[in-house]
Amino acid sequence: MKKVTIRPGKERSLVKRHPWVFESSVARGGADSGETVRVEAADGTFLCWAAFSPQSQIRLRAWTFDEAERVDAAFFRRRIDQALAMRARLEIASDAVRLIHGEADGLPGLIVDRYVDTLVAQFTSAGVERWKGVIADALLAATGLTRLYERSDAQAREWEGLPVQTGWLRGDGGTAITIREHDWRLTLDVAEGHKTGYYLDQRDSRRRFADAVRQFGCRSVLNCFSYTGGFSVAALAGGAAEVISVDSSGPALERAVAHVALNGFDASRHQAWDADVNATLRRCLAEGRRFDAIVLDPPKFAPTAAHAERAARAYKDINRLAFMLLNDGGLLYTFSCSGGISPDLFHKIVAGAGLDASVDGYIVERLSAAADHPQTVRFPEGDYLKGLGILRR
Ligand code: SAH
């Protein structure tokens with residue numbers, strides 16, 4: 001077994017059972033891409049068994065802190081069983097569920113979503129890439145399913161020096177799927193959709209939004225960054241009279257339109273605007289339009305903490321415009337899925353936006369990713385998605 005030694009003092013995060021070691025913390029040692037290595041402190045103390053990533057800034061990702069545990073097929077079966085057992089205890093109002101959420105499930109770099117009878121996996125670290133076949137077999141055995149589609153086209157692959165890989169890993173057939181979320185039906189294509197096909201992490205917030213639209217009697221709703229219209233369907237279910245989905249992806253909007261019909265809502269209650277959100281907010285303001293509710297669910301403006309400052313300006317700007325476009329008493333559902341923006345910083349950004357818009361608001365909801373995208377105590381980086389529900393004063 002190859003050995004990697006950590007610089008003196010740099011073992012602290014591993015001692016706290018945080019799974020990452022950055023390149024600058026490695027004193028010596030190396031291995032092939034994804035190979036399992038024994039990680040030791042400068043004094044030779046065992047720290048963990050880890051996967052080696054020769055090209056990534058995150059040079060090591062810990063598999064286990066137990067010296068006696070072996071990283072083999074049985075190891076992956078145990079981790080997958082544990083993740084599935086956790087999901088089985090959650091009451092998830094959908095047949096589309098995140099089964100494996102990377103570090104939080106002890107499998108750094110592995111994302112697995114289940115859409116009804118189809119699994120979709122993303123392998124974004126050298127470690128899980130090396131064990132791909134073993135992991136695929138273990139996933140099928142644990143779920144009893146036969147179809148596993150690979151969507152290893154995330155940007156993180158590039159940082160690991162891994163090529164894009166997509167296609168059926170196990171089984172085959174059509175890639176179009178209809179899921180049930182709450183009382184709604186939604187369609188997606190696991191080959192063509194964003195991420196693994198759908199934004200499962202916003203499931204609970206879409207439910208909360210539907211309830212809030214009803215509770216606060218919101219009639220006109222502007223759903224910005226709508227993707228395939230999940231929040232739009234929620235708004236219609238909540239009784240909104242007029243819902244506008246705004247996105248720059250034509251195919252996503254076509255699906256949003258289809259979802260309105262699929263869920264039995266009159267097409268006249270919904271519009272799809274294929275447009276840039278920033279320009280749209282400015283145009284609405286210039287035209288004197290106002291809304292009872294606005295959703296802002298932008299893409300990741302800050303992929304890492306290094307991008308936080310520029311991202312903060314972008315978040316502030318759209319939130320400022322949204323505050324100005326809200327009727328008095330109107331509802332803003334605003335999100336950030338940037339790992340580099342903490343919930344505290346996000347709150348400050350939204351506060352600054354409100355100040356610039358001369359608008360104050362009551363925070364009526366604090367939102368985060370659904371529980372099948374778990375956060376663990378030891379891995380604060382997992383807290384990527386945060387949102388606020390705000391009632392304009
Ligand atoms: N709210 C959605 C997920 C949004 S993901 C849901 O519940 O499913 C972010 C979306 O923003 C993507 O669909 C992407 O196409 C869109 N997008 C990114 N930049 C944009 C821009 N400048 N203007 C409009 N849409 C944009």
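As a reminder, the structure under discussion sits directly above these lines.
All residue numbers refer to position in the chain's written sequence, counted from 1. Per-residue local features are limited, in this predicted model, to residues with pLDDT of at least 70; the limit for side-chain atom pairs, both in listing and counting, is 80 or more; totals at the level of whole chains, interfaces and linings are taken over all residues. Where side-chain values are given, they derive from all heavy atoms of the structure, hydrogens and water being excluded.

Asker: Help me get a handle on the overall build of the protein, residues and values and all.
Answerer: By definition, any uninterrupted DSSP run of H or I lasting at least four residues is a helix, any uninterrupted run of E lasting at least two residues is a strand, and each is numbered from the N terminus. The helix and strand inventory of the protein stands at 11 helices and 20 strands. Projected onto the principal axes, the alpha-carbon positions of the protein cover approximately 65 × 45 × 35 Å. Only protein chains enter the area calculation, which uses a 1.4 Å probe; residues under 20% of their type maximum are buried, those over 50% are exposed, and those in between are partly exposed. Taking all 393 residues of the protein together, 55% fall into the buried category. By definition in these notes, contact holds between two residues if any of their heavy atoms fall within 4.5 Å. The long-range share in the protein, meaning contacts at least 24 apart out of those at least 6 apart in sequence, stands at 64%. In this description, accessible areas are obtained by the Shrake-Rupley approach with a 1.4 Å probe, and a residue is regarded as covered only by the protein chains that are shown. Carbon and sulfur atoms make up 48% of the accessible area of the protein, which totals about 16,800 Å². In the protein, which carries 51 positive and 50 negative side-chain charges, the distance between the mean positions of the two groups comes to 3 Å. Charge counting follows a simple rule: Lys and Arg are positive, Asp and Glu are negative, and His as well as the terminal groups are ignored. Where a charge lies is defined by one atom per residue type: Lys uses NZ, Arg uses CZ, Asp uses CG and Glu uses CD.

Asker: How would you explain a nonpolar patch on the surface if you had to name every residue and give the values?
Answerer: Two joining distances apply to patches: 9 Å for like charges and 5 Å for nonpolar side chains (Val, Leu, Ile, Met, Phe, Trp, Tyr), and every residue must have over 30% relative accessible area and no salt bridge. By definition here, a salt bridge exists when the distance from a side-chain nitrogen of Lys or Arg to a carboxyl oxygen of Asp or Glu is within 4 Å. Together, F216, Y362 and V364 give the surface a local cluster of nonpolar side chains, amounting to about 260 Å² of exposed area. Looking at the element boundaries, Y362 is found in strand β19 (residues 361–368). By relative accessible area, which is 48% here, Y362 ends up partly exposed.

Asker: I'd like to hear about helix α11 (residues 343–356), residue by residue, with values.
Answerer: Expected span of a helix, by definition, is 1.5 Å for each gap between consecutive residues, and there is one gap fewer than residues. With 14 residues, α11 extends 20 Å from end C-alpha to end C-alpha; this agrees with the ideal 20 Å at 1.5 Å per step. For α11, the full list of buried residues reads F346, I349, V350, G352, A353 and G354. Buried residues along α11 sit in contact with α10 (308–325), β18 (326–336) and β20 (386–392). Positive backbone phi, approximately 55°, marks S358, located one or two places after α11.

Asker: Please set out the pairing of β20 residue by residue, giving values where relevant.
Answerer: Taking burial as the measure, the 7 residues of β20 include 7 buried ones, the bulk of the element. Burial along β20 is two-sided: K386, L388, I390 and R392 facing one way and G387, G389 and L391 facing the other are all buried. For two strands to be treated as a pair, DSSP must find at least two bridges joining them. The sheet contact formed by β18 and β20 spans 6 bridges and is antiparallel. Across the sheet, the residue bridging to T334 is L388, located in β20.

Asker: Give a description of the packing of aromatic side chains that names residues and reports values.
Answerer: For Phe, Tyr and Trp, where Trp contributes only its six-membered ring, two rings pair if their centres lie within 6.5 Å, and the inter-plane angle classes them as stacked under 30 degrees, edge-to-face over 60, or tilted in between. Taken as a whole, this structure holds 15 aromatic pairs when the rule is applied. Aromatic side chains F301 and Y315 sit 4.6 Å apart centroid to centroid with 45° between the ring planes, which places their arrangement in the tilted category. Of this pair, F301 sits in the loop between β17 (291–296) and α10 while Y315 sits in helix α10, and the two are 14 residues apart along the sequence. Overall, the relative accessible area of 0% leaves Y315 in the buried class. Here the aromatic cluster, defined as three or more aromatic residues joined through ring pairs, consists of W63, F75, F76 and W131. Charge-over-ring placement is defined geometrically: NZ (Lys) or CZ (Arg) within 6 Å of the ring centre, and within 35 degrees of the ring normal. The positively charged end of R206 is found above the aromatic ring belonging to F231, 5.9 Å away from the centroid. Lying over the aromatic face of W273, R283 brings its terminal NZ or CZ to 5.0 Å of the ring centre.

Asker: Got a sec to walk through the site of the ligand? Specific residues and values, please.
Answerer: Whether a residue is near a molecule or strand depends on its heavy atoms: if one lies within 4 Å, it is near. Around the ligand, a shell composed of 15 residues is seen, among which R206, D247, D276, V277 and D297 lie nearest. A distance of 2.9 Å separates a nitrogen atom of the ligand from a polar atom in the backbone of V277. Taking D297, its side chain carries an N or O atom lying 2.7 Å from a nitrogen atom of the ligand. Within the complex, 87% of the 580 Å² of free accessible area of the ligand lies under protein. Any residue that is not Ala, Val, Leu, Ile, Met, Phe, Trp, Tyr, Cys, Pro, Asp, Glu, Lys or Arg is counted as polar, Gly included; the first ten are nonpolar and the last four charged. Taken together, the residues of the shell around the ligand sort by class into 7 nonpolar, 4 polar and 4 charged. Polar contact criterion, stated in full: a pair of N or O atoms within 3.5 Å, where within protein one must be able to donate a hydrogen and the other to accept it, and residues adjacent in sequence count only if both atoms are side-chain atoms.

In short, the description is geometric, and any link to function would need to be established separately.
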